[in-house]
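Per-entry structural report
What follows is the residue order along each chain.
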Amino acid sequence: MTNHKLDVRNLSLEEKIGQLLMFGFDGESVTDETIEMIKKYKAGNVILFTRNITSGKQLKQLNQTLQKLAYEHIGIPLFIGIDQEGGMVTRIQQGATFFPGAMTLAANGSIDDTYQIADYMGYELKKLGVNMNFAPVLDVNNNPKNPVIGVRSFSDDPKVVSEFGSAYIKGMQNHVIATGKHFPGHGDTVVDSHLGMPKVDYDRERLEQVEFVPFKKAIGDGLLAMMSSHIDFPALTKNGYPTTLSKEVMTDLLRDEFKFEGLIVTDGMQMKAIADNYGTVNASLMAVEAGVNIYCICHSRELQIESLKYIKEAVESGKVSEAVIDERVKRILDFKKTFVEPVSLDETYEDIKDSIMSQQALDLSYKVVEDAASLVKGQPLKLKPKALFVGIMPKATTIADERLGHHDMFEMIEKEMVSLDVVKLSIRPDEKDIELVYQKAAEFDQLIITTYNGNVYQEQISLIDKLSNLKKEMHVIALRNPYDLYYSKKINNYVCLYEYTPNSMKVLLKYLKGDLELKGKVPVKYE
């Protein structure tokens with residue numbers, strides 16, 4: 001049976017405009033407000049965050065309820081999107097496999113493993129009712145000061161990002177829509193676009209050699225969706241516009257020059273790069289005019305509703321041609337026809353639970369994290385009887401991370417390694433903390449220090465430099481960005497684990513016990 005609603009000619013103006021919006025909401029179940037977004041405002045797509053997810057069973061039921069509402073009140077299935085990158089950006093922390101992140105996959109070095117991980121992840125997402133994943137990150141992270149991308153990127157080498165990114169896309173797209181992000185590249189920035197407007201000042205030639213490379217390869221390999229970045233590229237955009245709002249980038253470059261035929265989705269339109277400079281509502285229309293198919297408003301219901309009304313008024317007043325809206329929506333409907341229909345609304349969690357978190361997916365995820373552990377400099381740790389472990393307590397460091405799940409490094413070490421002395425420090429230890437640790441460390445023969453984005457929280461670098469004055473054997477273990485060597489010349493023994501996840505904590509323990517062979521190769525260069 002064909003669904004006549006998947007033909008743009010059969011939709012009302014409200015229904016068309018609703019297809020342009022992807023909205024987020026609070027809570028773990030469907031509320032009256034969410035029902036109203038679909039029933040009254042015809043909102044056609046949903047984005048989920050950790051705040052919406054407590055378990056696999058709850059997630060599946062939530063997604064089925066949402067789809068039933070969409071069928072009943074619009075007649076068209078929803079795109080249900082999520083940022084399930086793996087590693088440090090993992091939205092489903094309970095009830096699905098905890099998959100490794102991009103830089104972990106690259107450090108592991110296997111294209112086949114990357115394809116397989118993405119295939120398992122895509123399968124689990126589809127079974128849980130998600131049909132669009134905002135991954136992989138195709139940014140080339142060639143700036144060690146980058147506060148938001150870091151290990152979410154595969155590498156600082158465009159060729160490595162291209163190869164691993166394309167393997168990931170192929171695996172993911174066996175099941176769901178993969179989304180390359182953040183076009184045309186968020187790797188060489190020092191501003192987080194959640195917090196301000198980054199600017200990338202390179203000329204076109206440099207962009208061709210670095211930033212564009214993974215995106216062009218992904219397009220050639222059949223990438224189905226692309227996420228725009230809120231970044232000013234003066235070589236590409238006009239009037240200081242971020243790429244999301246730039247027709248020169250979204251249409252002239254991405255569609256006409258790069259021949260991208262997939263969906264263009266925006267990054268969150270409430271991020272400060274957009275909200276502070278253009279206003280979320282106004283910018284939502286600007287993005288659609290620039291060439292975007294779906295704009296995301298992840299938080300404010302008020303802004304979601306205002307944006308729909310604003311776009312409708314713009315069409316009715318003739319400010320924007322309805323033909324532009326039709327073109328954007330037709331592409332959405334064509335993709336829903338091919339990649340979303342039909343949605344299984346009667347399959348229960350019990351029907352699928354044995355295939356979610358399969359032993360193969362769990363085993364491979366752990367193996368990748370273990371094999372990625374990299375000795376970058378010096379010697380592996382051989383624990384001495386009088387050793388001090390100085391641990392930095394990680395936290396969600398950017399809005400992209402949201403919240404860290406429960407996998408407590410200190411709890412684990414105190415339980416499993418009773419003889420090891422442990423000091424806990426915050427992510428930004430102050431001078432007093434550093435001095436206290438320095439006094440204590442003088443009594444030990446060996447120091448083990450974990451870092452967590454020392455490139456951003458440089459108090460950790462101050463700690464390392466201070467402790468190095470004791471001339472003790474010191475081992476530094478990076479639990480996220482592998483950039484500490486850029487900032488300190490005092491690190492003689494350096495190991496990178498790339499993520500603070502349940503799997504990497506098991507690997508850390510194995511390393512401390514002397515049972516780990518370090519096989520990984522760090523996928524970034526040190527100047």
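Up top you'll find the structure we're talking about.
What counts and what doesn't
- Residues numbered from 1 in each chain as written.
- Predicted model: local features only at pLDDT ≥ 70, side-chain atom pairs only at ≥ 80, totals over all residues.
- Heavy atoms only, no water.
- Salt bridge = Lys/Arg side-chain N within 4 Å of Asp/Glu carboxyl O.
- Helix = DSSP H or I, 4+ residues; strand = E, 2+ residues; numbered from the N terminus.
- Buried < 20%, exposed > 50% of the residue type's maximum accessible area, 1.4 Å probe, protein only.
- Pairing = 2+ DSSP bridges.
- Axes fitted to C-alpha atoms, helices over the stretch in contact; angles between N-to-C directions.
- Contact = heavy atoms within 4.5 Å.
- Core = buried A, V, L, I, M, F, W, Y, C linked by side-chain atoms within 4.5 Å.
- Phe/Tyr/Trp six-rings, centres within 6.5 Å; stacked < 30°, edge-to-face > 60°.
- Parallel < 35°, antiparallel > 145°, perpendicular 65-115°, else oblique.
- Left-handed = near helix turned anticlockwise from the far one by under 90°.
- Nonpolar A, V, L, I, M, F, W, Y, C, P; charged D, E, K, R; others polar.

In a structure, side chains of opposite charge can pair up when their charged atoms sit close to one another. Under the criterion given, the structure shown has 38 salt bridges. In this structure, the salt-bridge partner of Lys181 is Glu85, at a minimum N-O distance of 2.8 Å. One end of the pair, Lys181, is in strand E5 (residues 177-183); the other, Glu85, is in the loop between strand E3 (79-82) and helix H4 (102-108), and 96 residues separate them in sequence. Given a relative accessible area of 6%, Glu85 falls into the buried group. We note a salt bridge from Asp221 to Lys217, for which the minimum N-O separation is 2.9 Å. Asp221 sits in the partly exposed class, given a relative accessible area of 28%. Classification of Lys217 by relative accessible area gives partly exposed; the value is 34%. Through salt bridges with shared partners, a single ionic network connects Asp83, Glu85, Arg91, Arg152 and Lys181.

Attention now moves to the sheet that holds strand E12 (residues 446-451). With mixed pairing, 6 strands are arranged side by side in an open sheet as E9-E14-E13-E12-E10-E11. Single-partner strands in this sheet number two, and they are strand E9 (374-377) and strand E11 (421-425). If you compare each strand with its neighbour and ignore which way they point, the axes differ by 20° on average. In the packing of helix H18 (residues 459-468) onto the sheet, the strands contacted are strand E10 (387-392), E11, E12 and strand E13 (473-478), and the crossing angle to E12 comes to about 170°.

On to the sheet that holds strand E4 (residues 132-133). Strand order in the closed barrel formed by 8 strands is E1-E2-E3-E4-E5-E6-E7-E8, with parallel pairing between adjacent strands. Pairing analysis gives 3 bridges linking strand E1 (residues 21-23) to strand E8 (residues 294-297), with the strands arranged parallel. Following the sheet pairing, Leu21 is matched in E8 by Tyr295. Helix H3 (residues 56-73) contacts strand E2 (45-48) and E3 of the sheet and is inclined by roughly 165° relative to E2.

Looking now at the nonpolar core. In terms of nonpolar packing, the biggest core is built from 115 residues, with Leu48, Phe79, Met132, Phe183, Tyr295 and Ile325 touching the most fellow members. The leading source of residues in this core is helix H11 (residues 280-290), at 6 residues. Those residues in contact with Leu48 that lie beyond four places of it in its chain are Phe25, Leu59, Leu62, Asn63, Ile80, Gly81, Ile82, Arg91 and Val130. Membership of the second largest hydrophobic core comes to 59 residues, among which are Ile392, Val423, Leu425 and Leu467.

The subject of this paragraph is the packing of aromatic side chains. Tallied over the entire structure, the rule returns 10 aromatic pairs. Centroid distance Phe183 to Phe258: 6.1 Å. Interplanar angle 85°. Geometry classified as edge-to-face. One end of the pair, Phe183, is in strand E5; the other, Phe258, is in the loop between helix H9 (247-257) and strand E7 (263-268), and 75 residues separate them in sequence. What makes Phe183 buried here is its relative accessible area of 0%.

Now for unusual backbone geometry. Following Ala135, the chain continues into Pro136 via a peptide bond in cis, with omega recorded as 10°. Topologically, Pro136 is positioned in the loop between E4 and helix H6 (158-172). Note the cis peptide between Lys181 and His182, where omega equals 0°. Among the secondary structure elements, His182 is positioned in strand E5.

Taking every second residue as pointing to the same face, both faces of E8 are buried, with Ile294 and Cys296 on one and Tyr295 and Ile297 on the other. Pairing geometry for E7 and E8, over 2 bridges, is parallel. Bridging from a neighbouring strand, Val265 pairs with Ile294 of E8.

The residue Val423 is located in strand E11 in this model. Given the relative accessible area of 14%, Val423 is considered buried. For the pair Val423 and Val437, spaced 14 residues apart in sequence, the C-alpha to C-alpha distance is 7.7 Å. Apart from the residues lying within four places of it in its own chain, the contact partners of Val423 are Leu388, Phe389, Val390, Gly391, Phe410, Val437 and Lys440.

Their axes nearest at 9 Å, the elements helix H15 (residues 359-372) and helix H20 (residues 502-512) cross at an angle of 50°. Judged by the angle between their axes, H15 and H20 are oblique. Crossing of H15 over H20 shows right-handed handedness. Here Ser365, Tyr366, Val369 and Glu370 of H15 lie close against H20, whose contacting residues are Asn503, Ser504, Lys506, Val507 and Lys510. Split into classes, the residues belonging to the contact of H15 with H20 amount to 3 nonpolar, 3 polar and 3 charged.

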